[in-house]
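# Secondary and tertiary structure notes
Each chain is listed here by its residues.
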Amino acid sequence: MKHFLRMFVQVCLYFYCKCLWRCLKFVVRKLTGQCELQRICYNTKPGAARTMKIEASLKGSKSKRLQTSVNVHPDAIEKTIDDIMELKRINPDRNPQLGVSLQACLLQIVGYRNLIAEVEKLRREPYDSENPQHEEMLLKLWKCLKPNSPLKARISKQWCEIGFQGDDPKTDFRGMGLLGLYNLVYFAEWDTEIAQQVLTDSLHPKYSQLSKAEWEKKKFDKAIGYSFAIVGINITDLAYNLLVSGALKTHFYNVAPEAPTLTHFQQTFCYLMHEFHKFWIDEDPLDIMEFNRVREKFYKRILRQLQNPEMALCPHFAATESLINM
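Residues numbered from 1 in each chain as written. Predicted model: local features only at pLDDT ≥ 70, side-chain atom pairs only at ≥ 80, totals over all residues. Heavy atoms only, no water.

## Some remarks on the overall build of the chain
Heads up, the condition is: Strands are runs of DSSP state E lasting at least 2 residues, helices are runs of H or I lasting at least 4, and numbering of each runs from the N terminus. Accessibility here uses a 1.4 Å probe with only protein chains present; expressed as a share of the type maximum, an area under 20% marks a residue as buried, one over 50% as exposed, and anything in between as partly exposed. We call two residues in contact when some of their heavy atoms are within 4.5 Å. Here the accessible surface of atoms and residues is derived via Shrake-Rupley with a 1.4 Å probe, and residues count as covered only by protein chains that are part of the display.
Scanning the chain from terminus to terminus reveals 15 helices and 0 strands. In the chain, buried positions account for 44% of the 326 residues. Long-range pairs, those at least 24 residues apart, make up 67% of the contacts in the chain with a sequence separation of at least 6. Entry remark: accessible area of the chain is about 18,300 Å², with carbon and sulfur atoms responsible for 56%.

And the structure:
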């Protein structure tokens with residue numbers, strides 16, 4: 001009975017607050033002569049703060065036309081803006097900047113949704129060793145990371161040198177499909193020097209900071225390195241979860257002036273790989289068995305950062321420059 005009464009009170013409070021909010025919006029519009037969309041665009045600077053408020057306003061509208069405006073095709077955005085202006089009885093000639101601002105916001109909102117679909121498609125596509133394009137990408141990953149060490153055979157224990165678990169990497173892509181490979185290749189191809197350094201440090205993170213004599217004295221944490229490729233696939237999963245949960249909206253709405261693309265997602269992956277590498281070394285785990293603990297702590301740190309509407313994880317991303325200047 002108590003549970004029922006608690007639920008009843010919560011439902012009543014919900015509808016009370018909803019009605020109160022609508023009444024408040026009506027009063028503010030009468031006082032200012034502006035609808036909520038106008039007030040947001042005129043009083044909030046461009047970026048995540050504005051776009052997320054516009055998105056919430058459209059989704060929370062009592063009008064179905066406004067609610068569905070966040071799900072339109074990119075080609076229909078201009079027509080959608082006209083519909084919004086008409087529905088809100090806003091004269092576009094007197095408010096020319098409003099249309100421009102709404103268009104920028106909708107491009108980001110719709111683009112984010114489409115990016116999720118594109119990323120999901122790659123994640124669901126399994127690695128196929130019979131597909132020449134898949135095989136070409138995999139071999140490119142090796143060449144970028146180990147340019148001076150030719151791969152002796154397609155099926156080889158050499159793959160362990162870049163962090164795969166066995167002699168055939170295809171089995172390691174099961175969790176993230178082609179998305180994991182796409183991200184690793186992007187990192188290795190576009191930030192080759194940094195990727196190679198992270199690979200080296202992942203094999204001997206302690207040795208990179210200690211003298212040889214100090215390294216030899218280490219008894220318990222010589223093996224605190226990690227498998228570069230496997231961790232890359234794991235960080236891909238982390239980036240994927242940030243994306244589909246909506247947490248990355250803050251970042252993308254601040255760095256992508258229009259629709260965020262797959263390249264933005266891959267750049268974010270590069271940033272997360274480097275940040276995790278530093279975080280791993282700073283955490284100084286006893287062994288690889290602590291990976292899940294470190295990963296979860298890192299994930300929570302990124303989530304906290306993304307709660308700031310001003311946050312841009314890697315503004316105007318240039319991984320090489322950002323790493324060198326740290």
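## Description of the packing of aromatic side chains
Filter applied, for reference: Aromatic rings from Phe, Tyr and Trp, taking only the six-membered ring of Trp, are treated as a pair when their centres fall within 6.5 Å; an angle between ring planes under 30 degrees marks them as stacked, one over 60 as edge-to-face, and anything in between as tilted.
Tallying each qualifying case throughout the model produces 16 aromatic pairs. Note on Trp 142 and Trp 159: the rings are 5.5 Å apart at their centroids and 75° apart in plane angle, and the pair reads as edge-to-face. Of this pair, Trp 142 sits in helix H7 (residues 132–145) while Trp 159 sits in the loop between H7 and helix H8 (177–190); the two residues are 17 residues apart in sequence, bridging distant segments of the chain. Trp 159 carries the same exposure label as Trp 142, and that label is buried. An aromatic cluster is built from Tyr 226, Phe 276, Phe 279, Trp 280, Phe 291 and Phe 298, whose rings are joined through pairwise contacts.

## Comments concerning the pattern of salt bridges
Between side chains of opposite charge, a pair can form when the charged atoms approach closely. Heads up, the rule is: Salt bridges are counted wherever a side-chain nitrogen of Lys or Arg sits within 4 Å of a carboxyl oxygen of Asp or Glu.
In the structure shown here, the tally under the stated rule is 17 salt bridges. Two residues, Glu 120 and Arg 123, come together in a salt bridge whose shortest N-O distance is 2.8 Å. Of the two residues, Glu 120 and Arg 123 are both situated in helix H6 (residues 96–124); the distance of 3 residues between them amounts to about one turn of the helix. Taking relative accessible area as the criterion, Glu 120 reaches 14% and is therefore assigned buried. Salt-bridge contacts for Glu 120 lead to Arg 124; the nearest nitrogen and oxygen are separated by 2.7 Å. A residue pair is termed a helical-turn pair when its members lie 3 or 4 positions apart in one helix, as Glu 120 and Arg 124 do in helix H6 at 4 residues. What makes Arg 124 exposed here is its relative accessible area of 63%. The network of salt bridges with shared partners includes Glu 283, Glu 290, Arg 293 and Lys 297.

## Considering the nonpolar core
Applicable threshold: For our purposes a nonpolar core is just a set of buried Ala, Val, Leu, Ile, Met, Phe, Trp, Tyr and Cys residues, chained together by side-chain atoms within 4.5 Å.
Counting 86 residues, the largest nonpolar core has Ile 54, Leu 141, Leu 181, Phe 187, Leu 242, Phe 265 and Leu 272 as its most contacted members. Top element by residues in this core is helix H13 (residues 262–283). It accounts for 11 residues.

## Points about the environment of Gly 177
Tracing the chain through its elements places Gly 177 in helix H8. Gly 177 sits in the buried class, given a relative accessible area of 3%. For the pair Gly 177 and Glu 120, spaced 57 residues apart in sequence, the C-alpha separation works out to 9.6 Å.

## Some words on the confidence of the model for the chain
Which entries qualify depends on this criterion: Each residue gets a pLDDT score, which is the predictor's confidence in that residue and runs from 0 to 100.
Model confidence for the chain is summarised by a mean pLDDT of 85, while 80% of its residues fall at 70 or above. Segment residues 24–33 is flagged for pLDDT under 50; beyond a separation of four residues in sequence, or across chains, it makes 9 contacts in the model. This model gives residues 316–326 a pLDDT under 50, and the stretch forms 12 contacts once residues within four places in sequence are excluded.

## Some words on the packing of helix H11 (residues 228–244) against helix H14 (residues 291–306)
Angle between the axes and distance between the axes are the two parameters that describe a pair of packed helices. Applied cut-off: The convention used is that axes are lines fitted to C-alpha atoms, helices contributing only their stretch in contact, and that angles between N-to-C directions extend from 0 to 180 degrees. If you view the pair so one helix is near and one far, a crossing is left-handed when the near helix is turned anticlockwise from the far one by less than a right angle, and right-handed when it is turned clockwise. Classification used: nonpolar for Ala, Val, Leu, Ile, Met, Phe, Trp, Tyr, Cys and Pro, charged for Asp, Glu, Lys and Arg, polar for all others including Gly.
With their axes 11 Å apart at the nearest point, H11 and H14 run at an angle of 35° to one another. Relative to H14, the crossing made by H11 is right-handed. Along its contact with H11, which presents Val 231, Asn 234, Asp 237, Leu 238, Asn 241 and Leu 242, the element H14 presents Phe 291, Arg 295, Phe 298, Tyr 299, Ile 302, Leu 303 and Leu 306. Grouping the constituent residues of the contact of H11 with H14 by class yields 9 nonpolar, 2 polar and 2 charged.

## Some details on unusual backbone geometry
Within the chain, Arg 89 stands out as a residue other than glycine whose phi angle is a positive 55°. In this structure, Arg 89 sits in the loop between helix H5 (77–87) and H6. On the accessibility criterion, Arg 89 (78% relative accessible area) is exposed.

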